[in-house]
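# Per-entry structural report
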Amino acid sequence: MPAHALKRSTLLTLCACVLVAQSMVAAINLLIPQLGSSSLHPSHTEVLWTVDAYVIVFAGLLVPAGALGDRHGRKGALLAGLALFAAGAATSALAPAPALLIAGRGLSGAGAALITPATMSILVRLAGPERRAQALASWTLALGVGGLAGNLGGGLVGQFLSWRALFWAMVPLAAVLALAVAVTTPRTARSAQGSPDPVGTLLLTAGLVAVLFGIIEGPGHGWTSARILTAFTAGALLLAAFTLHALRSAEPLFDPRVFRSRGLRTATLGLATGFFGLFALFFVNSQYLQEVKGFPPAVTGLAIVPLIVGMALVPRFAARWAAHPRPVVGTGLALIGLGLLAASTADAHTPYPLYACWLLVLSAGTGLAMPALTLGVVVSLPEHRAGLGSGLGTSAREVGAALGVAVAGTALAGHADFASGMGPALRVVGTVVLVATAVVVAGYRGTGGAAPVASGTAPAKEPVA
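Calculation rules
Residues numbered from 1 in each chain as written. Predicted model: local features only at pLDDT ≥ 70, side-chain atom pairs only at ≥ 80, totals over all residues. Heavy atoms only, no water. Helix = DSSP H or I, 4+ residues; strand = E, 2+ residues; numbered from the N terminus. Buried < 20%, exposed > 50% of the residue type's maximum accessible area, 1.4 Å probe, protein only. Contact = heavy atoms within 4.5 Å. Axes fitted to C-alpha atoms, helices over the stretch in contact; angles between N-to-C directions. Left-handed = near helix turned anticlockwise from the far one by under 90°. Nonpolar A, V, L, I, M, F, W, Y, C, P; charged D, E, K, R; others polar. Expected span 1.5 Å × (residues − 1). Parallel < 35°, antiparallel > 145°, perpendicular 65-115°, else oblique. Disulfide = S-S within 2.5 Å. pLDDT = per-residue confidence, 0-100. Patch = residues over 30% accessible without salt bridge, like charges linked within 9 Å, V, L, I, M, F, W, Y side chains within 5 Å. Areas by Shrake-Rupley, 256 points an atom, 1.4 Å probe, with all protein chains shown as cover. Salt bridge = Lys/Arg side-chain N within 4 Å of Asp/Glu carboxyl O.

### Notes on the overall build of the chain
- Looking only at helices and strands, the chain has 16 helices and 0 strands in total.
- Relative to its full complement of 465 residues, the chain shows a buried share of 57%.
- For the chain, contacts bridging at least 24 residues in sequence account for 85% of all contacts bridging at least 6.

The following block contains the structure:
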């Protein structure tokens with residue numbers, strides 16, 4: 001497909017879709033106090049599941065959703081995802097009880113799982129090799145800004161409106177995006193390889209859900225509790241069963257041997273590392289600004305805006321260095337770790353402008369590393385499996401994000417109050433990021449600085465959908 005097939009209107013539409021899907025990961029966090037005191041009278045556990053249901057379903061379905069779009073049509077998968085996202089939002093907005101609110105969040109998460117890999121896969125197919133780095137930099141920017149937009153939107157809704165307004169707003173927004181996709185986005189060639197593989201899909205999804213449940217619930221129940229150990233054991237057994245099934249199947253959901261590619265392993269670890277640090281900051285930031293600095297919810301949402309600056313500006317330069325990912329990724333991830341260590345020194349007396357400077361350091365690191373890491377996942381797989389690549393990459397992001405929140409939460413739980421625990425928590429997270437950065441940089445050795453393309457080529461003739 002010619003490079004000029006990617007039009008600006010298509011790029012903007014696809015980035016808007018992934019931005020909205022990602023925004024709902026973070027938006028609900030700033031509404032927790034309002035939800036807890038609402039007429040639904042949810043228990044503490046039900047509030048946690050309202051937050052977590054979206055992330056667990058989203059991350060658990062990403063890989064099969066990406067493979068499904070590759071096989072049966074990416075545009076159709078994107079439109080179906082927007083419809084599910086809107087249906088889930090409407091269900092949550094109308095919920096008369098916590099159970100239905102949680103179910104709606106899960107349904108929206110399933111929609112997001114279809115939206116995210118489809119958008120990146122379409123971009124890869126339309127952009128062509130010469131514009132791929134720039135297109136993926138824009139997509140990565142939309143992903144990062146989505147988290148920030150969620151914080152800002154959730155803060156504004158929590159300050160001035162009912163929590164139901166957040167979900168109602170998603171319904172017409174998804175409809176507008178679906179119309180824009182229908183008008184601006186062409187259908188792309190489907191992959192003639194792969195199959196739905198229902199057994200593999202069930203094993204992989206159940207395994208990821210079990211692992212994510214253990215990560216998210218670990219700080220609350222205790223890492224050595226029977227419930228968490230059972231979740232991790234079940235997740236490990238299910239993922240092992242998926243691997244055996246995929247190796248023996250004639251048409252697996254995906255071949256686990258793709259992880260023989262050092263470039264793919266390195267890029268997925270880098271993505272998980274970046275989001276591990278970023279979402280630990282998101283988790284700590286809202287509590288620091290509200291509980292320690294005394295900011296109201298709307299101001300809290302605005303106060304994280306400095307993170308947008310680096311994410312918006314730096315990817316423009318990072319895309320120019322796409323052929324040399326090792327120094328770009330190493331510098332970017334190191335800036336995230338150093339920014340976390342700097343933020344760990346904040347207390348009630350820290351001037352906000354100084355805190356904002358540390359956010360800018362984190363922002364620059366994210367904007368520098370994420371486009372190169374995203375491209376690393378893409379070029380490690382054949383082009384016709386771009387949806388699968390997006391699913392693997394985004395799964396790494398979401399698992400990293402869940403781990404970041406879990407580790408920060410566990411570190412905080414060991415202190416008498418948030419103010420005394422914030423510094424140690426961020427130092428732990430920042431140190432882990434720097435250690436993982438060294439592993440990621442070492443992973444690029446012997447690859448010539450770039451991820452090698454996995455074996456396999458696109459079929460000579462592919463159906464269009």
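Moving on, there is more to tell.
### Topic: the environment of phenylalanine 160
- If you trace the backbone, phenylalanine 160 turns up in helix α6 (residues 132-160).
- The class of phenylalanine 160 is exposed, set by a relative accessible area of 61%.
- The sequence separation of phenylalanine 160 and alanine 298 amounts to 138 residues, and the corresponding C-alpha distance is 8.2 Å.

### Quick look at the packing of helix α1 (residues 8-26) against α6
- Two elements in contact, α1 and α6, have axes whose closest approach is 7 Å; the angle formed by their N-to-C orientations is 35°. Remark: the crossing between α1 and α6 carries right-handed chirality. Here α1 contributes Leu11, Cys15, Val18, Leu19, Gln22, Ser23 and Ala26 to the contact with α6, which in turn contributes Ala135, Ser138, Trp139, Ala142, Leu143, Val145, Gly146, Gly147, Ala149, Gly150 and Asn151.
- Across the contact of α1 with α6, the residue classes break down as 11 nonpolar, 7 polar and no charged.

### With respect to helix α5 (residues 98-127)
- Between the first and last C-alpha of α5 there are 43 Å, a value that for 30 residues agrees with the 44 Å anticipated at 1.5 Å per step.
- Just beyond α5, the residue with positive phi is glycine 128, at close to 80°.

### Some thoughts on the packing of helix α13 (residues 325-343) against helix α16 (residues 418-443)
- The contact between α13 and α16 brings their axes to 7 Å, and the two run at 170°. The angle between the axes of α13 and α16 places the two elements in the roughly antiparallel class. Like other packed secondary-structure pairs, α13 and α16 cross with a definite hand, here left-handed. On α16, the residues touching Arg326, Val329, Gly330, Leu333, Ala334, Ile336, Gly337, Leu338, Leu340, Leu341 and Ala343 of α13 are Met422, Leu426, Arg427, Val429, Gly430, Thr431, Val433, Leu434, Thr437, Val440 and Val441.
- Taken together, the residues of the contact of α13 with α16 break down into 15 nonpolar, 5 polar and 2 charged.

### Side note on the environment of threonine 410
- Within the element layout of this structure, threonine 410 appears in helix α15 (residues 386-413).
- Residues threonine 410 and alanine 425 lie 15 residues apart in sequence; the distance between their C-alpha atoms is 8.1 Å.
- Not counting residues within four places of it along the chain, the set of residues in contact with threonine 410 comprises Pro219 and Trp223.

### Here's the deal with the state of the cysteines
- In the structure shown here, the tally under the stated rule is 0 disulfides.
- The closest cysteine sulfur to the non-disulfide-bonded cysteine 15 is located on cysteine 17, 9.2 Å from its own sulfur.
- Given a relative accessible area of 10%, cysteine 15 falls into the buried group.
- Note on cysteine 17: relative accessible area 1%, which makes it buried.

### A few points about the side chain of threonine 366
- Assignment of secondary structure puts threonine 366 in helix α14 (residues 352-379).
- The residues contacting threonine 366, other than those within four sequence positions of it, are Leu278, Met311, Ile336 and Pro371.

### Quick word on the confidence of the model for the chain
- For the chain, the mean per-residue pLDDT works out to 80, and 88% of the residues sit at or above 70.
- Of all secondary-structure elements in the chain, the lowest mean pLDDT belongs to helix α12 (residues 306-318), at 72, while helix α4 (residues 74-94) reaches the highest, 92.
- Throughout residues 448-465 the model reports pLDDT below 50, and contacts reaching past four residues in sequence, or to other chains, amount to 49 contacts.

### Structural notes on a nonpolar patch on the surface
- A contiguous nonpolar patch, built from Leu156, Phe160 and Leu161 and spanning about 320 Å² of accessible area, is present on the exposed surface.
- As for its position among the elements, leucine 156 is in helix α6.
- According to the relative accessible area criterion, leucine 156 is partly exposed, its value standing at 36%.

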